[in-house]
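Each chain, letter by letter, is given below.
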Amino acid sequence: MNDSTQPATIRAFIALAPPDDAKDELARALAPAYAAHPGMRWNRIEDWHITLAFLGELPTTAVALLHDPLAELAAARRPLDLSLRDGGHFDSRVLWSGIDGEVAGLHRLADEVRTLVKETGIPYEGRPLRPHLTLARARRGDLSSVPDAAGVLDGFTGRPWPTARLHLVGSDYARGPAPVRYQDIDSWPFTGV
């Protein structure tokens, strides 16, 4: 992409992504909710992620400052063992799956990522980490579908998996009425011991 076509800003966040087979396992558990609530705004499975730091709208030049520090952080950290577990909702509007496994390590990683963001000069005033995977959102005025859909995940325990990569993700690729789509800006393997 040449400079004349590159957007001046990008909505960005730093995240982890479960492997495809773990996402497929969760999608199979969600099948009754998909069938019962087709009107919910379901996130695409390929977009499921665990946000470590939501950065908001940033100049593309600021995003570029994160590449080397994030690569170094990933290279110094070993993979975490995580799994998807149960489900719940925020304010009857957002359906999520919980995260299990090395959750304390996940909090430490998020703290390191957020510190790194601030050290690059990017302002960061994020909320405390609530590890989850966002699955769907309710349509306006619908306060029953999300809690009902969360019930199908009661007792769900996914298989454990190691975090493979640290992802820097952009979400400006479908502005307007179309669903938000995410795309990796870059990602780095966890190679520490």
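Scroll up for the structure.
All values reported here derive from a predicted model rather than from experimental measurement.

Reading the values: rules and limits
Residues numbered from 1 in each chain as written. Predicted model: local features only at pLDDT ≥ 70, side-chain atom pairs only at ≥ 80, totals over all residues. Heavy atoms only, no water. Helix = DSSP H or I, 4+ residues; strand = E, 2+ residues; numbered from the N terminus. Rg over C-alpha atoms; globule rule 2.2 N^0.38 Å. Buried < 20%, exposed > 50% of the residue type's maximum accessible area, 1.4 Å probe, protein only. Contact = heavy atoms within 4.5 Å. Areas by Shrake-Rupley, 256 points an atom, 1.4 Å probe, with all protein chains shown as cover. Polar contact = N/O pair within 3.5 Å; in protein donor to acceptor, adjacent residues only side chain to side chain. Pairing = 2+ DSSP bridges. Axes fitted to C-alpha atoms, helices over the stretch in contact; angles between N-to-C directions. Salt bridge = Lys/Arg side-chain N within 4 Å of Asp/Glu carboxyl O. Arc of directions from axis to C-beta. Core = buried A, V, L, I, M, F, W, Y, C linked by side-chain atoms within 4.5 Å.

Participant: Describe the overall build of the protein, listing the residues and the values that go with them.
Facilitator: Helix and strand content of the protein: five helices and nine strands. Taken from the N to the C terminus, the helices and strands of the protein come in the order β-α-β-β-α-α-β-β-α-β-α-β-β-β. Relative to a compact globule of 193 residues, whose C-alpha radius of gyration would be 16 Å, the protein shows 17 Å and is just as compact. The C-alpha extent of the protein, read off along each of the three principal axes, is 45 × 40 × 30 Å. Taking all 193 residues of the protein together, 46% fall into the buried category. Long-range pairs, those at least 24 residues apart, make up 78% of the contacts in the protein with a sequence separation of at least 6. About 10000 Å² of surface is accessible on the protein, with carbon and sulfur atoms providing 52% of the total.

Participant: Go over the side chain of Ser 145 with me, naming the residues and quoting the values.
Facilitator: Its place among the elements puts Ser 145 in helix α5 (residues 145–151). Looking at Ser 145, its side chain comes within polar contact range of the side chain of Asp 142, at 2.5 Å.

Participant: Please provide a residue-by-residue account of the sheet that holds strand β4 (residues 81–90), values included.
Facilitator: Taking strand neighbours across the sheet as the criterion, the five strands line up as β2-β6-β5-β4-β7 in an open arrangement whose pairing is antiparallel. Pairing within the sheet leaves two strands with one partner each, and these edge strands are β2 (41–42) and β7 (161–162). Relative to strand β6 (residues 132–137), strand β5 (residues 94–101) runs antiparallel, the two sharing five bridges. Opposite Ser 97, over in β6, you have Leu 133 as the bridge partner.

Participant: Describe the sheet that holds strand β1 (residues 9–16), with residues and values.
Facilitator: With antiparallel pairing, four strands are arranged side by side in an open sheet as β3-β1-β8-β9. The sheet is open, and its two borders are formed by β3 (50–59) and β9 (183–189), each paired with just one other strand. Across the sheet, the mean angle from the axis of one strand to that of its neighbour is 20°, orientation sign disregarded. Lying over the sheet, helix α3 (residues 67–76) contacts β1, β8 (165–170) and β9, oriented at roughly 40° with respect to β9. The sheet contacts of helix α4 (residues 103–119) involve β1, β3 and β8, and relative to β3 the element is tilted by about 15°.

Participant: Which residues make up the pattern of salt bridges, and what values go with them?
Facilitator: Enumeration according to the criterion identifies eight salt bridges in this entry. The salt bridge involving Glu 46 is made with Arg 44; its shortest N-O contact spans 3.2 Å. The partner of Arg 85 in a salt bridge is Asp 100, and the shortest N-O contact between them spans 3.3 Å. Taken together, the positions of Arg 85 in strand β4 and Asp 100 in strand β5 put the pair 15 residues apart, joining distant regions of the chain. For Arg 85, a relative accessible area of 36% gives the class partly exposed. Judged by relative accessible area, Asp 100 falls into the partly exposed class, the value being 28%.

Participant: Could you give an account of α3, with specific residues and numbers?
Facilitator: Residues of α3 that are buried: Leu 70, Leu 73 and Ala 74. Projected down its long axis, α3 shows its buried positions confined to an angular sector of 95°, all on one face. Within α3, the exposed residues directed more than 90 degrees away from the buried face are Asp 68, Glu 72 and Ala 76. Contacts made by the buried residues of α3 are with β1, α4, β8 and β9.

Participant: Account for the nonpolar core, naming residues and giving values.
Facilitator: By size, the foremost hydrophobic cluster in this structure holds 51 residues, and its most contacted members are Leu 95 and Leu 166. In terms of residues, this core owes the most to one element, α4, which gives six residues. Ignoring sequence-local partners within four residues, the contact set of Leu 95 consists of Leu 30, Met 40, Trp 42, Gly 88, Leu 133, Thr 134, Leu 135, Ala 136, Val 146, Ala 149 and Ala 150.

Participant: Could you give an account of the environment of Leu 133, naming the residues involved and the relevant values?
Facilitator: Checked against the element boundaries, Leu 133 lands in strand β6. By relative accessible area, which is 0% here, Leu 133 ends up buried. In contact with Leu 133, other than residues within four places in its own chain, are Pro 18, Leu 26, Trp 48, His 49, Ile 50, Leu 84, Leu 95, Trp 96, Ser 97 and Ile 99.

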